Amino acid sequence: MTVLDETLCAMDKRSLGHLAGRFRESETRTEILRQELAEAIRQAKVDGVLQKDICEVTGYTRQQVRRITNAEEEPSSES
């Protein structure tokens, strides 16, 4: 048995498949949101929002914010 939403339920193949599907959908949504947030951070930098304010709002470190804002400036490794 497993506990989901504080309710005991038996786990069978169908239930496990359903949960795994929900997890994969969540991963996809998370990746889309991650990309949207990165673009918003880059736009905030262009608009003059201070790095410390971006860090405060997002919870990211200064290094993470620099990586995101500098990613656009790095040359593409595609040939």
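Here, every reference points to the structure presented above.
Caption draft 1: Local environment of the side chain of arginine 42. Assignment of secondary structure puts arginine 42 in helix H1 (residues 13-46). The exposure class of arginine 42 is buried, given its relative accessible area of 17%. From its side chain, arginine 42 meets the backbone oxygen of isoleucine 68 in a polar contact 3.3 Å long.

Caption draft 2: Local environment of the packing of H1 against helix H3 (residues 62-71). With their axes 9 Å apart at the nearest point, H1 and H3 run at an angle of 85° to one another. Between H1 and H3, the crossing angle belongs to the class labelled roughly perpendicular. Along its contact with H1, which presents Ala38, Ile41, Arg42 and Lys45, the element H3 presents Val65, Ile68, Thr69 and Asn70.

Caption draft 3: Looking closely at the environment of leucine 37. Mapped onto the elements, leucine 37 comes out in helix H1. Classification of leucine 37 as partly exposed rests on a relative accessible area of 33%. Not counting chain neighbours up to four residues away, the residues in contact with leucine 37 comprise Thr58 and Tyr60.

Conventions used here
Residues numbered from 1 in each chain as written. Predicted model: local features only at pLDDT ≥ 70, side-chain atom pairs only at ≥ 80, totals over all residues. Heavy atoms only, no water. Helix = DSSP H or I, 4+ residues; strand = E, 2+ residues; numbered from the N terminus. Buried < 20%, exposed > 50% of the residue type's maximum accessible area, 1.4 Å probe, protein only. Polar contact = N/O pair within 3.5 Å; in protein donor to acceptor, adjacent residues only side chain to side chain. Axes fitted to C-alpha atoms, helices over the stretch in contact; angles between N-to-C directions. Parallel < 35°, antiparallel > 145°, perpendicular 65-115°, else oblique. Contact = heavy atoms within 4.5 Å.

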